[in-house]
Amino acid sequence: MAGPAETPHDDITTVEDPQGPRNQGKEKAARFLAEVDEGERTFTPEEEKGVLKRIDRRLLPLLLGAYFFQQLDKSTLSYVSIFGLVEDTNLHGQQYSWLGSILYLAQLVMQPVAALLLVKLPTGKLIGTAIFLWGSSLAIMAACTDFPSLLGLRFTLGAFEAMIGMLLPSMEW
């Protein structure tokens, strides 16, 4: 129930003027919600089920694939050490351990930034961009021949994983 100072439309989905200068970059859904009054449009259970099916068919495979490849990347670092990564890149001391740790440090540092971007930017474009840049960083890592370049790319991988990792919990089901 709305309190005395609130109106029924005081929520985060309300957009003041869909054509106004503040809302030029807003998504279609926000513009739709601003134009439609709550009493004018109701969704049938069949329409709601259809939307959930579309989400399940389009978005979930993309996210599950991203999570699969992220986990594969984490386990691949241990496999490539057996095949000569340490010798080929002249790693000494704790440098190999840092390659595994920097990923989680980057996730920790970049999660507040990722949370801000998820609120400010269109979610679909952000998902696609984050996954594309994560995959590009992973592919470029094949060209690394020393510790600083590996460390830098592992940090960028962690930064993009922070963004991808926050997408599933941020979605409203």
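Residues numbered from 1 in each chain as written. Predicted model: local features only at pLDDT ≥ 70, side-chain atom pairs only at ≥ 80, totals over all residues. Heavy atoms only, no water.

Participant: Any details on the nonpolar core? Residues and values, ideally.
Facilitator: One recurring pattern in soluble globular proteins is that nonpolar side chains are buried together. Counting residues in hydrophobic clusters, the biggest one holds 22 residues, and the most contacted among them are Leu-99, Met-141, Leu-150 and Ile-164. Contributing elements (two or more residues each) for this core: α2 (45-82), α4 (95-120), α5 (123-140) and α6 (147-170). Ranked by the residues each element gives to this core, the list is headed by α6, at 7 residues. Met-141 has contacts with Asp-73, Leu-150, Leu-153, Arg-154 and Leu-157, leaving out every residue within four places of it along the chain. (Core = buried A, V, L, I, M, F, W, Y, C linked by side-chain atoms within 4.5 Å. Buried < 20%, exposed > 50% of the residue type's maximum accessible area, 1.4 Å probe, protein only. Helix = DSSP H or I, 4+ residues; strand = E, 2+ residues; numbered from the N terminus. Contact = heavy atoms within 4.5 Å.)

Participant: Tell me what's going on with the UniProt feature "transmembrane region" (unreviewed entry) in the chain, and back it up with residues and numbers.
Facilitator: UniProt records the feature "transmembrane region" (unreviewed entry) at residues 98-119 and 126-143, using the numbering of this structure. A helix fraction of 100% and a strand fraction of 0% characterise residues 98-119, whose end C-alpha atoms lie 32 Å from each other. The span residues 126-143 carries 83% helix and 0% strand; its end-to-end C-alpha distance comes to 26 Å. (UniProt positions renumbered as here; feature names shortened; annotations may be inferred.)

Participant: Give a description of the environment of Tyr-104 that names residues and reports values.
Facilitator: Looking at the element boundaries, Tyr-104 is found in helix α4. We classify Tyr-104 as partly exposed; its relative accessible area is 46%. Distance from Tyr-104 to Glu-161, taken between C-alpha atoms, is 9.2 Å for residues 57 residues apart in sequence.

Participant: Which residues make up the packing of α2 against α4, and what values go with them?
Facilitator: For the pair α2 and α4, the least separation of the axes is 10 Å and the interaxial angle reads 170 degrees. By the angle between their axes, α2 is roughly antiparallel relative to α4. Of the residues in α4, those touching α2 at Lys-74, Leu-77, Ser-78 and Ser-81 are Tyr-96, Leu-99, Gly-100, Leu-103, Tyr-104 and Gln-107. Within the contact of α2 with α4, the residues separate by chemical class into 5 nonpolar, 4 polar and 1 charged. (Axes fitted to C-alpha atoms, helices over the stretch in contact; angles between N-to-C directions. Parallel < 35°, antiparallel > 145°, perpendicular 65-115°, else oblique. Nonpolar A, V, L, I, M, F, W, Y, C, P; charged D, E, K, R; others polar.)

Participant: Please set out the confidence of the model for the chain residue by residue, giving values where relevant.
Facilitator: Counting all residues, the mean pLDDT for the chain is 77, and 75% of those residues have values of 70 or more. A low-confidence stretch, residues 6-11 (pLDDT under 50), is modelled with 7 contacts involving residues beyond four sequence positions or located in other chains. (pLDDT = per-residue confidence, 0-100.)

Participant: Give me the lowdown on the side chain of Ser-137, citing residues and values where you can.
Facilitator: Mapped onto the elements of the fold, Ser-137 is located in helix α5. With relative accessibility at 8%, the residue Ser-137 sits in the buried group. Setting aside its immediate chain neighbours within four residues, Ser-137 contacts Leu-153, Thr-156, Leu-157 and Phe-160.

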